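# Architecture and fold: a report
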Amino acid sequence: MDKIIYLDHAATTKCAPEAVQAMLPYFTEYYGNASTIYQLGAQSKKAIQNTRSKIAESLHADSSEIYFTAGGSESDNWALVATAEAYASKGKHIITSKIEHHAILHTCEYLEKRGFQITYVDVDANGIVKLDELEKAIRPDTILISIMFANNEIGTIQPIEEIGRIAKEKGILFHTDAVQAYGHVPIDVEALHIDMLSASGHKLNGPKGIGFLYIRKGVKIRSFVHGGAQERGRRAGTENVPGIVGLGVAIEKAFSGMEERIQKETKMRDYLIERIEKEIPYCRLNGDRVKRLPGNVNFSFEFIEGESLLIMLDMKKICASSGSACTSGSLDPSHVLLAIGLPHEIAHGSLRLTLDHENTIEEMDYVVDAVREIVEKLRAMSPLYEDFIKKN
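Residues numbered from 1 in each chain as written. Predicted model: local features only at pLDDT ≥ 70, side-chain atom pairs only at ≥ 80, totals over all residues. Heavy atoms only, no water.

In a beta sheet, neighbouring strands pair by backbone hydrogen bonds and run either parallel or antiparallel. The 7 strands lie next to each other as S2-S8-S7-S6-S5-S3-S4, forming an open sheet whose pairing is mixed. One side of each edge strand has no neighbouring strand; the edge strands of this open sheet are strand S2 (66–69) and strand S4 (117–121). Pairwise comparison of adjacent strand axes, ignoring direction, gives a mean angle of 20° for this sheet. Across the sheet, helix H3 (residues 39–59) lies against S2, strand S7 (196–200) and strand S8 (211–215), angled at about 120° from S2, the strand it touches most. (Pairing = 2+ DSSP bridges. Helix = DSSP H or I, 4+ residues; strand = E, 2+ residues; numbered from the N terminus. Axes fitted to C-alpha atoms, helices over the stretch in contact; angles between N-to-C directions. Contact = heavy atoms within 4.5 Å.)

In structure tokens:
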């Protein structure tokens, strides 16, 4: 196949052409600072509020509860650090899971160095948080539960409604990192009892460098970026108006055709999984078979190194990954795969394929054929595989 097949949408997505076109005038024509009182600035302010309203509507929230950030990592940092600071007098205990994105895990490490105690809850073999363990972890001084909506590596969707209900009953704030889920599956912050939610534009065909944090009214967390009075005094810095405009267009596209896209992506995902399981022996599907993001496929192949597989797929113009893009330079196996019980040697042979509605069944066929061929080549060079075959 001559064209590039892009199957790393969990890492980033291309910016929708409509979003790019909508952004352009705000670089050169409507470039006014939204904090000014003249008309040029007022146009920028109106554009910001327009996107804020779209986000609020998509979450069943109020527009006053939406705060723009530079992306998911900032939103995660803000939710955890500001909550810790604001509620420290009530307690210094936070609960999260072992499979969170590093924007959460590294922030928790930062807070631990500052006297906070973190409980990292286990997940089952499919990557679903153990609710009984979560409930047992709650203490009188627990101030926050932060569990991701859907995992960025294995695609598992967490029981968010149940977690939100537990938190609400115990009077504990509940934050969810929804960077992978927002724009891909429906989210109702009221029905799910979510107090704070992080999202990022570049995961749903919006521009990079823009995201938001939903903060429920009544949650008393402080500002994270200090300076001016932007974002109602809670997040200083001149607003990224073009990015916000592009995000608004991407959100409109994502939510207007969501059901149709979910059906198409799920059909391709399941087709990909079925062919790989049928045609490539000694492989393991990682993540829940049903409770997973529509476009996520994650496999571990025994007797191979995932890095070699990625390099050879790239030579065939297939873009994929072995896990989180944020740890792609690391030689350590995925903390997510280790948390679901995979031994190091199998976790090292992982492949994540994340597709979207623009991919096709024909591309899936090409990818499976390529993966099968490459896995066979790599195993043919593996002394471990040779010994395994002799013994069996």
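There is more to say after this.
This structure, assessed with the given rule, holds 23 salt bridges. Between Glu-274 and Lys-278 there is a salt bridge, and its shortest N-O distance comes to 3.6 Å. Note that Glu-274 and Lys-278 are positioned in helix H9 (residues 258–279) at a spacing of 4 residues, about one turn of the helix. Residue Glu-274 is classed as partly exposed on the basis of its relative accessible area, which comes to 46%. (Salt bridge = Lys/Arg side-chain N within 4 Å of Asp/Glu carboxyl O. Buried < 20%, exposed > 50% of the residue type's maximum accessible area, 1.4 Å probe, protein only.)

Time to look at empty space enclosed by the protein. Taken as a whole and assessed by the stated rule, the structure comprises 1 cavity of 30 Å³ or more. Space inside the largest cavity adds up to approximately 170 Å³. Along the wall of the largest cavity there are 15 residues; nearest its centre are Gln-180, His-184, Leu-293, Gly-295 and Leu-355. (1 Å grid on protein atoms, 1.4 Å probe; cavity = no way out; pocket = protein on both sides within 12 Å on 5 of 7 lines; lining within 4 Å. Points joined across faces, edges and corners; volume = space filled by probe spheres on them.)

To continue, consider the packing of aromatic side chains. As enumerated under the stated definition, the model contains 10 aromatic pairs in all. On the basis of an interplanar angle of 85° and a centroid distance of 5.1 Å, the ring pair of Tyr-182 and Phe-212 is categorised as edge-to-face. In this pair, Tyr-182 is assigned in the loop between strand S6 (173–177) and S7 and Phe-212 in strand S8, connecting sequence segments 30 residues apart. You'll find Tyr-182 and Phe-212 in the same group, each marked buried. Aromatic pair Tyr-282 and Phe-388: ring centres 5.0 Å apart, planes at 85°, arrangement edge-to-face. Of this pair, Tyr-282 sits in the loop between H9 and strand S9 (283–285) while Phe-388 sits in helix H14 (residues 383–391), placing them 106 residues apart in sequence. By relative accessible area, Phe-388 is classed as partly exposed at 24%. These aromatic residues form a ring-pair network of at least three members: Tyr-282, Phe-303, Tyr-385 and Phe-388. One residue, Lys-92, lies across the ring of Phe-116, its end atom 5.3 Å from the ring centre. A cation sits over an aromatic face here: Arg-232 above Tyr-67, 4.1 Å from the ring centre. (Phe/Tyr/Trp six-rings, centres within 6.5 Å; stacked < 30°, edge-to-face > 60°. Lys NZ or Arg CZ within 6 Å of the ring centre and 35° of its normal.)

Moving on, we come to a nonpolar patch on the surface. Judged by side-chain polarity, Val-20, Leu-24 and Phe-27 come together as a nonpolar surface patch covering roughly 260 Å² of accessible area. Position of Val-20 among the secondary structure elements: in helix H1 (residues 17–23). Note on Val-20: relative accessible area 32%, which makes it partly exposed. (Patch = residues over 30% accessible without salt bridge, like charges linked within 9 Å, V, L, I, M, F, W, Y side chains within 5 Å. Areas by Shrake-Rupley, 256 points an atom, 1.4 Å probe, with all protein chains shown as cover.)

Sheet faces and side chains relate simply in a regular strand, where the side chains alternate between the two faces. Counting buried positions along S8 yields 5 of 5 residues, so the element is predominantly enclosed. Residues Gly-211, Leu-213 and Ile-215 line one face of S8 and the alternating positions Phe-212 and Tyr-214 line the opposite face, and both faces are buried. Relative to S8, S2 runs antiparallel, the two being bridged by 4 bridges. Residue pairing for S8: Phe-68 is matched across the bridge by Phe-212. Where S7 and S8 come together, 5 bridges link them in antiparallel fashion. Bridge pairing links Ser-198 to Leu-213 in S8.

Looking now at the sheet that holds strand S12 (residues 350–354). Taken in spatial order, the 3 strands line up as S9-S10-S12 in an open sheet, and their pairing is antiparallel. Each edge of the open sheet is held by one strand with a lone partner, namely S9 and S12. With direction set aside, neighbouring strand axes in the sheet form an average angle of 25°. Sheet topology places strand S10 (residues 296–301) next to S12; 5 bridges connect them, and they run antiparallel. Across the sheet, the residue bridging to Val-297 is Leu-353, located in S12. Contacts from H9 reach S9, S10 and S12, with the element oriented near 15° to S10.

Between H3 and helix H8 (residues 241–256), the shortest axis-to-axis distance is 9 Å and the interhelical angle comes to 35°. Considering only the axes of H3 and H8, their crossing is left-handed. Side by side, H3 and H8 meet where Ser-44, Ala-47, Ile-48, Thr-51, Lys-54, Ile-55 and Ser-58 of the first sit next to Val-241, Ile-244, Val-245, Leu-247, Gly-248, Val-249, Ile-251, Glu-252 and Phe-255 of the second. Its residues assigned to classes, the contact of H3 with H8 comprises 10 nonpolar, 4 polar and 2 charged. (Left-handed = near helix turned anticlockwise from the far one by under 90°. Nonpolar A, V, L, I, M, F, W, Y, C, P; charged D, E, K, R; others polar.)

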